[in-house]
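Take a look at the letters that make up each chain.
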Amino acid sequence: MTGVPASAAGGSSGGQGARGSAAAADGAPQASGAASGPAGPAPDPQAGGRPARGGKLAAAAVNQASVWNVANLLTMLRLVLVPGFVALMLAGGGYDPAWRSLAWAAFAIAMITDLFDGHLARTYNLVTDFGKIADPIADKAIMGAALICLSALDDLPWWVTTVILGRELGITLLRFLVIRYGVIPASRGGKLKTLTQGVAVGMYVLPLTGWLATLRFWVMAAAVVLTVVTGLDYVRQAIVLRRRGIAERAAALEEEV
């Protein structure tokens, strides 16, 4: 599940580097032949411009293809599941056990893909600008849709939904505000929070009764506590990061003077 991507930058520069090396290798014998043998006809300026345009098109094709990798496809699947989940959640008045079970299946698939897409992107160098933007949107979209549906159906208090979504949106905004000073890394507490939230919301989506209904209450309570605690920790990290960045910039300016 909280720069220029390696896959896009690597793919483009790697492809151009390979083409540049090939051009250099092909050019070396020609230069040698030009020195030792008779001079050939002058190259056509129009023909000489075509490879450059072709090279740009090839580079653009590499960058375009890099978006369609496994990690991004899983993220897209999660985005597509959001309206499907909402439709299943509200079908039959929102309280039909069969439809709620199908909604839980859609939610579970979304949570599982969230575990794999980031891992695949980092492991196989599939990180892209699209993935960096779409992945957190997909995460918050499926979680937000589930929380709002549960509160709309009176299965979950609105204040719980407000706390969780407010924290998620607030921390996302905070990351953008301090990105000039550095990146706030994901903590173990944040990962535990995400897991606990997923389990708790999933249990509320299912039509549970008896002791399982009691258990989900306490799991959600733990999720809310982790949400608040980790949110405050991210705020602390952001303040420290900003102060450090300002101090480093001030020191650099003093050295220049």
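Structure first, text after, so check above.
Residues numbered from 1 in each chain as written. Predicted model: local features only at pLDDT ≥ 70, side-chain atom pairs only at ≥ 80, totals over all residues. Heavy atoms only, no water.

1. Some remarks on the overall build of the protein chain
The cut-off we apply is this: Note on conventions: DSSP H or I runs of at least 4 residues are helices, E runs of at least 2 residues are strands, and numbering of each starts at the N terminus. Burial classes follow relative accessibility: with a 1.4 Å probe on protein chains only, a residue under 20% of its type's maximum area counts as buried, one over 50% as exposed, and anything between as partly exposed. Reported accessibility uses the Shrake-Rupley method at a 1.4 Å probe radius. Residues are deemed covered only where the shown protein chains occlude them.
On a plain count of helices and strands, the protein chain comes out with eight helices and zero strands. Reading the protein chain from its N end, one meets helices and strands in the order α-α-α-α-α-α-α-α. By the burial criterion, 34% of the 257 residues in the protein chain qualify as buried. With an accessible surface of roughly 15100 Å², the protein chain has 70% of that area assigned to carbon and sulfur atoms.

2. Details of the pattern of salt bridges
The condition that has to hold: Salt bridge, as applied in this entry: a Lys or Arg side-chain nitrogen positioned within 4 Å of an Asp or Glu carboxyl oxygen.
One pass over the full model with this rule turns up seven salt bridges. Between R78 and D139 there is a salt bridge, with its nearest N and O atoms 2.7 Å apart. Separated by 61 residues along the polypeptide, R78 in helix α3 (residues 70-90) and D139 in helix α5 (residues 129-152) bring together distant segments of the chain. In this structure, R100 engages D155 in a salt bridge whose closest nitrogen and oxygen atoms are separated by 3.0 Å. Within this pair, whereas R100 is found in helix α4 (residues 97-123), its partner D155 is found in the loop between α5 and α6 (158-177), the two being separated by 55 residues in sequence. Assessed through its relative accessible area of 4%, R100 is described here as buried. Ionic contacts of the salt-bridge type, sharing partners, join the residues R78, D114, D135 and D139 into one network.

3. Some points on unusual backbone geometry
For D154, which is not glycine, the phi dihedral falls at a positive 65°. Here D154 is to be found in the loop between α5 and α6. Overall, D154 belongs to the exposed group, its relative accessible area being 67%.

4. Focus: the packing of aromatic side chains
Cut-off, in case you're wondering: Note on ring pairs: Phe, Tyr and Trp rings are taken, using the six-membered ring of Trp, and paired if centres are within 6.5 Å. Classes follow the plane angle, with under 30 degrees stacked, over 60 edge-to-face and the rest tilted. Ring-over charges, as used throughout, are those where CZ of Arg or NZ of Lys falls within 6 Å of the ring centre and within 35 degrees of the ring normal.
Summed over all chains, the structure comprises two aromatic pairs. Between F85 and F107 the ring centres are 5.9 Å apart and the planes differ by 45°, which places this aromatic pair in the tilted class. On the criterion of sequence distance, the pair formed by F85 in helix α3 and F107 in helix α4 is long-range, its members being 22 residues apart. A relative accessible area of 0% means that F85 is categorised as buried. The class for F107 is buried, based on a relative accessible area of 2%. Between F217 and W218 the ring centres are 5.2 Å apart and the planes differ by 80°, which places this aromatic pair in the edge-to-face class. Sitting over the face of the ring of Y204, R216 holds its NZ or CZ atom 4.6 Å from the ring centroid.

5. Things to note about a nonpolar patch on the surface
Rules: Like-charged residues within 9 Å of one another, or nonpolar side chains (Val, Leu, Ile, Met, Phe, Trp, Tyr) within 5 Å, are grouped into patches, provided each residue has over 30% relative accessible area and no salt bridge.
A cluster of nonpolar side chains, L79, I133 and I137, forms an exposed patch at the surface whose accessible area comes to about 270 Å². Among the structural elements, I133 can be located in helix α5. Residue classification places I133 among the exposed positions, given a relative accessible area of 56%.

6. Regarding the nonpolar core
Basically, it comes down to this: Buried Ala, Val, Leu, Ile, Met, Phe, Trp, Tyr and Cys residues that are joined via side-chain atoms within 4.5 Å together make up what is termed a nonpolar core. Every residue pair with non-hydrogen atoms within 4.5 Å of one another is taken to be in contact.
Judged by nonpolar contacts, the single largest core of 31 residues is most densely connected at F85, M89, F107, V201 and M220. Breaking this core down by element, the ones donating at least two residues are α3, α4, α5, α6, α7 (188-205) and α8 (211-256). The leading source of residues in this core is α5, at seven residues. In contact with F85, not counting residues within four places along its chain, are A103, A106, F107, I142, A145, A146 and V205. Core analysis: the next-biggest nonpolar cluster, separate from the first, contains seven residues, L174, I184, A238 and L241 among them.

None of the figures reported here should be taken as evidence of function without further support.
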